[in-house]
Amino acid sequence: MKRFIFILFLLPALLFGQRVELFNGDVIKTDEISMKGDTIFLSDTLFFRDMVKSIIFSEGELKTEKRGIPQDILKIIKEREGLIAKYRDFPGVVLLDKGTNRLHPDGTRTYRYHFRGLILKDSKRHWATFQRRFRPAMEKTTIKMAQVIKPDGKVIPLDMSMVKITKPRRGKVFFGKGKVISFALPGVEVGDIVEYLYEKDIFNPWSKEIFAFNWFFGGSDPVSNSTIDIIIPGDKNLYFVLKNAESVAIDSIITDSIKTYSFKVENTIPPIGEPLMPAAGKILPSLYISTLKDWDYIFKWYSDFQKKRMEVTQEIQGLADSIVGDAETEEEKTASLYHWVQRNIRYISIKGGASSGVSGHKASVTLENGYGDCTDKAILFSTLLKAVGVEAYPVYLHTHPSPGLLKEIPSFWGNHAIVEVFPQHRKPYILDPVSEHSRYPSFAQMDHGVYAICAQKSRIDLIEVPPPERNKRNYQYEMVFSSDGDATIKFQSNYTGSYESGIRAYWESLKPDERKKQFQEMAKRTSPTAELIDYSLENLTDISKPLRMKIIYKVSDLLEKAGDLYLLALPEIIDRHKRRELSLSKRKYDLVYDTSEEIVHTFHIILPEDMIVEATPEPIHIQKKFIEYRAGYEMKDNTLIFKDDWKRKGRIIPQENYSEYKGISLEVSRFVKKPIIFRKTGGAR
Amino acid sequence: MRNILIVLLPLISSCSLNYAKKEALWLEDMLYTTEGEEYECEILKIINDSVYVVTEEGRLVFSRKDIKSVDIAKKREGYTWKTVSDITDTLLTKALSIDLLKYHEMGYVNIWTEKKLIIQEDLSYTYSVRIIRGVTSEKGRRAGTLSFNYRSEQEEMEINFARTITDDGKVLHLSAIALEDASIYSRIPPYENLHERKFAMREVKPGNILDFKVTTKGRITKESPYVLDITLGNPGPTIEGIIEVVAPKNLELACESWRIGSPDIKRDNSKKILQWKVSDLPALIRESARPPLAYILPRVVVGLPQNWESLAEQFRHYLKGDYEVTVKKPEDIYGEVISSIRFVDVPSFVSFPYPKNAKEIADNRLANSLDKAHLLYQAFRSSGYPVEIILVRSKERGVVAKGVPSLYQFDGALLKVGNDYLDPSSELTPYGYVRPKYQGTKGLSIMKKSLVDIPLFEPDKEKIVFDRDIRLDRDGNAIVKETVKFTGNHILDLRQLRYLREERIKNIMESFINKTIPDAKLISYSIEHLNDITQEIIFNLKYSVSSLGLKEKDFILLHIPGLEYSAYSVGAPTRNYPIYWGHLSKEEKKIIIHLPDGYKVRHIPPGISYSIESLEYNGTLRSLKNRIVYKDTYIDKKEMISVEEYPEYKEALMGIAMLPEGWIILEKIE
């Protein structure tokens, strides 16, 4: 268990090396660098500034350690045989998944990772290709060893000249300074063991004070041995939380100069995929660590960055005043600025160093560029609110379905930034200006139900999942039947919450001709004989107002004739109550939605003189902890009215409530499928 | 905490004041400190241990040890322009007068598009794209985030300029930090060559004009047989578009074009110019099953005049290296090679147009289509089989330009052994099967030294057959036994089930039956031939369904279970573009509904048949003693259905979609 036998070489890894990166991708190391005018002088050459992309100055002095690599191939081969028998149903098994994360006294750190995996099926041959990201200005990744171990014990080492460093492709809107180191191990076949070990020296961490880290024991493959060693200086303390880790073995060695903690889990089995299951990181055994006891340092670190960026310049003041106009209440001002930032700052993420990484660019810069990412938009929105006297701050969070931030373990690894508003006379609430279509006060559903870190107020708040009525879809139909069975249908819908944002984004993305085609197709989905008469989208581009969709169409075959009886299935409602995520009879894990939900239907069915209602399904009312459904028919004059209302109150249905939830959903689904039966009366009602 | 040395230099002399004022307009360099702070600045000089910069705070001096790195911004063409009045480019000035309101709701409009290839005597080339674009509504904001690809080992790329002219007259230039060069296949080092240069322009808002130019430089060689293969048009309308090729007067060119006519040719003493022009090209419209752009937009292909024969001969020299297999039969040889080499989907025209040595491929155990085909070719040859290697082009890229021979026209390779075509890609591709992307295309046979036709597979080879036997009880509940047979491209994905654990497969089977019939509960299942890639895959399923038939008084009501035909895709009365399927296909269904005791059939919907150029459908529903039998056959007979054929296709689909709507009514026998 205790395998921390290190041979320490306290060597400076890099002595004041400097690197010049050219636009053509070439990287030149140099001991000397100077710049005069448009010319950059290196020790033995010079470049004009138009050829140079960046200069990386001192890479710092990092005390590194080196140790021998155990190479007991025979032992590995022996282990292999047992694993083949044990894991034959899996495409691959990880023999070793070992990390070592060391914090050095000067705040620099070294992360070392050792992988050894046995390929049992073709789908795992991709283990032969390795890729890791790194940021050249702050860290350096070195491949220490990579090899293929054949079943007969033959070892094929990686030709280190085949290791490539490139800049990887990312989404079109992301710009940053990261690169990847990659290689492909040759000759890898099913039955082989792939092994590699790399080391990442982080000589310029974003903050030398913050040492926080997550480790997941296992993943998408079974893991025979997953171990993480954390090594910190003797004067630091380690704070950690383990999740789903009943079987974790913990060990430690404490000396005056260093503290070493080892966490090990053996024989983890990956979860079986289920529809809408929790993120793997929430199911796997996991470790969250930090050397910070509380959030105070992080709060201050963030605040310092944020405050400098939230400067209300003359331009920002003028803009804020012009946007809010004569709005009087805090809420009106907030809403108008919320809508403005969403619509006027397009999403482009540019990350340079720690400050843009964690807190974004200055509000004035984002405004001038007309683009920014979540952090930039959060800074700008908070600053505009500040300009009109509304207290608000950027907050960071980890959106679901990712594993999330733990309140108990201080860390800065959020993946999103939004804004927390602190009104004078009501409780704080959240707005997310990164979207382009959220109508106040709705905000993106990925933020619902997670913790938000507000550095400037030194507080951590749980973002509540909005109630169902704030995620509502309201559908209304008026169906007028003629005596020959044809129907004219007037459809109208409106929405709240994320669903409205999504619908609005979709319709806005279409050109007028495309919209028309889409409406024609929607009508046809109702019935092959449906013909579109008219349609409209109210307030499509004005996100401060509710979006309303109206469609009028004619259908000739909605009623199915069976002798003197006519059957009518209500259009579209069946699809809205189809819940494909409930396909499994049993689940191992919770059912996780993005947010709450409400769906309301109202049908007014106006019958001709010669038709009467023979039968309608009986009314239904179900009320349980997570769900409520109410539906029924009533007759008023010649109009049959159907109303229903489905509410799911939260976003998570616990595994133990799944059967009940599925049962209710199916009952609802069967109910809405039941046709209404009419009878022709020959004219008398 | 901050120990950074920042010295604010007094700006007292008029000279430095003027300088600072002037240079404050150019703060495009970036400086990153070790404390994590960032400065937009201009770097003035780096001397000894100090870095001198101008920021918006004035002139600053940083100690070098406090600086992590600096990014040097490029001074691009026209970088001194600050307002509209500075602009000296007449094309741009003219574009600024366009009335953007006319194009409202289009998102953006391409006012000017110029794609220009210049070839020199030494066969070096410069290809540039310049676009002046007006943003007309909110949805056009994405039009200012752009990316261009190039082959990093053979080409260089430069963003000449990318500027936004705001509606209030400012000129905003591209920020250096909003520009990135990335490798598209960085995950696959042996095939890493294609790069992307992307950039985000500033202030992309309705009313603003975007003007950018990107240039790629390279040289046409045997190893880099460059051809210009481009289209004009995109989601915004194009007011004026031009494709221009400039070459030395005596250099022969080969060209082919589609939907744009012939070029105007001009000559002077030293050069000739080929020009294709379009005006008022409509915006691309989104439509379901829209063909790839190369089939609907104006397309031009230009290269050097070569012949396919000499290219094939040239290629043949690269077929080197022996590879022997341990088996004898063609199917076994194929099986051994296909499963021992991991397939990576990197097109040959963006990595290298010739194959690697067979030994190298075998040693690497990793190959793209071209290299995997080469290794298989050598395996067949060493086993004494006559074998032909055929270079192929994905349909999505448009048809082969027959008159512009170049190996860059192809992205993969097939083999022909006897009468069988082999597509050595993933280990799941069966012997004798060719992926739809290559079916029905033209390829270059290296042995025949000419273009040949790759067969388009008959619908029977791309087929799914459902056989569903349903026993209803008196409450409308059902026990269903079902067999589903898959062939052709359906198998490629399904075969991956063999990599999954039994519990995961069970979950997938549960989802599969629920997709067909909601509320289905799986009783048992088996999958045949999952590991035998020479066979079709068969699902055998047994499941129960509660209330498949809805009980209403003396009736049981149900639709034909599991029919999902819809008229949704033919909602529009007309189409702008053909319907593109990319291959032929067939689906057969046989559904037997056994009646519960004591019930008779009161009503069944009528059957429907259609036989048109693009589609064949025959669906029948018969009531027999104690059971209802539904049978249908649905055949997509064409890869692409033209706009002219659409009305009859639409009518057929609307008719077919009536079937799932129809009710089957069973009535209790008195």
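Moving on to the interface of chain B and chain A. With 122 residues of chain B at the contact, the number on the chain A side is 128 residues. Interface area, chain B with chain A, both sides summed: about 10,600 Å², of which 50% is carbon and sulfur. Among the residues chain B hides against chain A, the three largest losses belong to Lys68(B), Arg501(B) and Tyr568(B). Together they make up 8% of the total. At the surface where chain B touches chain A, the tally comes to 16 salt bridges. Two residues, Arg169(A) and Glu196(B), come together in a salt bridge whose shortest N-O distance is 3.2 Å. With eight residues, helix H8 (residues 502-516) of chain B is the single largest residue contributor to the side of chain B that touches chain A.

A few words on the layout of surface pockets. All names here are of chain B. Looking at the second largest pocket, its volume works out to about 1,600 Å³. Where the lining of the second largest pocket is concerned, the elements lending two or more residues are strand E7 (108-119), strand E8 (124-135), strand E9 (145-151), strand E13 (194-200), strand E14 (209-219) and strand E15 (228-231). With seven residues, E9 is the single largest residue contributor to the lining of the second largest pocket. Residue composition of the lining of the second largest pocket, by class: 21 nonpolar, nine polar and 13 charged.

It is worth spelling out the pattern of salt bridges at this point. All names here are of chain A. The tally for this structure, following the rule as stated, stands at 88 salt bridges over all chains. Its salt-bridge partner being arginine 426, residue glutamate 331 comes within 3.3 Å of it at the nearest N-O pair. Of this pair, glutamate 331 sits in helix H5 (residues 330-344) while arginine 426 sits in the loop between strand E28 (416-422) and strand E29 (429-431), and the two are 95 residues apart along the sequence.

A few words on the sheet that holds strand E31 (residues 537-545) of chain B. Residues and elements named next belong to chain B. Taking strand neighbours across the sheet as the criterion, the eight strands line up as E30-E31-E29-E28-E35-E39-E38-E37 in an open arrangement whose pairing is mixed. Edge positions in the open sheet fall to strand E30 (520-528) and strand E37 (608-611), since each of these has one partner strand only. Shown here is a sheet whose adjacent strand axes are inclined to one another by a mean of 10°, direction ignored. Relative to strand E39 (residues 627-636), strand E35 (residues 585-594) is paired through ten bridges, and the arrangement is antiparallel. The residue bridging lysine 590 from the neighbouring strand is lysine 631, located in E39. Running at roughly 120° to E30, H8 makes contact with strand E28 (463-472), strand E29 (478-486), E30 and E31 of the sheet.

What follows is about the domain arrangement of chain B. Looking at chain B, the domain boundaries give domain 1 (6-71), domain 2 (84-305), domain 3 (309-456) and domain 4 (461-668). Centre-to-centre, using C-alpha coordinates, domain 1 of chain B lies 57 Å away from domain 3 of chain B.

Burial within strand E7 (residues 52-56) of chain A is extensive, with four of its five residues counted as buried. In this sheet, E7(A) lies alongside strand E2 (residues 18-22) of chain A in antiparallel orientation, the contact comprising four bridges. Bridge pairing in E7(A) links Arg19(A) to Ile56(A). Pairing between E7(A) and strand E6 (residues 67-71) of chain B: three bridges, direction antiparallel. Residue pairing in the sheet places Ile55(A) in a bridge with Val70(B) of E6(B).

Let us now look at helix H4 (residues 314-324) of chain A. Residue and element names in this part refer to chain A. Ile316, Leu319, Ala320, Ile323 and Val324 are the residues of H4 that are buried. Viewed along the axis of H4, the buried residues span an arc of 120°, placing them on a single side of the element. Opposite its buried face, H4 presents the exposed residues Gln314, Glu315 and Ser322, each directed more than 90 degrees away. On its buried side, H4 packs onto H5, helix H7 (363-369) and helix H8 (374-387).

If a strand is regular, its side chains alternate between the two faces of the sheet. Residue and element names in this part refer to chain B. Most of E9 sits out of view: five of its seven residues are buried. Bridge count for E9 against E13 is seven bridges, and the pairing is antiparallel. Following the sheet pairing, tyrosine 150 is matched in E13 by histidine 195.

Across chain B, the average pLDDT comes to 92, with 96% of residues at or above 70. Low pLDDT, under 50, characterises residues 1-24 of chain B; the predicted model gives this stretch 33 contacts beyond four residues in sequence or across chains.

Here we take up helix H3 (residues 296-309) of chain A. Residues and elements named next belong to chain A. With 14 residues, H3 extends 20 Å between its outermost C-alpha atoms, agreeing within 8% with the 20 Å of an ideal straight helix rising 1.5 Å per residue. For H3, the full list of buried residues reads Ile298, Phe299, Trp301, Tyr302, Ser303, Phe305, Gln306 and Arg309. The inward-facing, buried residues of H3 contact helix H6 (354-358), H7, H8, strand E27 (391-397), strand E30 (451-454) and strand E31 (459-462).

On to the packing of aromatic side chains, then. Taken as a whole, this structure holds 62 aromatic pairs over all chains when the rule is applied. The ring of Tyr593(A) carries the charged tip of Arg648(A) above its face, separated from the ring centre by 3.6 Å.

Rules of the game
Residues numbered from 1 in each chain as written. Chains lettered and ligands numbered in written order. Predicted model: local features only at pLDDT ≥ 70, side-chain atom pairs only at ≥ 80, totals over all residues. Heavy atoms only, no water. Contact = heavy atoms within 4.5 Å. Buried area = accessible area lost by both parts, 1.4 Å probe. Salt bridge = Lys/Arg side-chain N within 4 Å of Asp/Glu carboxyl O. Helix = DSSP H or I, 4+ residues; strand = E, 2+ residues; numbered from the N terminus. 1 Å grid on protein atoms, 1.4 Å probe; cavity = no way out; pocket = protein on both sides within 12 Å on 5 of 7 lines; lining within 4 Å. Points joined across faces, edges and corners; volume = space filled by probe spheres on them. Nonpolar A, V, L, I, M, F, W, Y, C, P; charged D, E, K, R; others polar. Pairing = 2+ DSSP bridges. Axes fitted to C-alpha atoms, helices over the stretch in contact; angles between N-to-C directions. Domains from an automatic or database assignment. Buried < 20%, exposed > 50% of the residue type's maximum accessible area, 1.4 Å probe, protein only. Arc of directions from axis to C-beta. pLDDT = per-residue confidence, 0-100. Expected span 1.5 Å × (residues − 1). Phe/Tyr/Trp six-rings, centres within 6.5 Å; stacked < 30°, edge-to-face > 60°. Lys NZ or Arg CZ within 6 Å of the ring centre and 35° of its normal.

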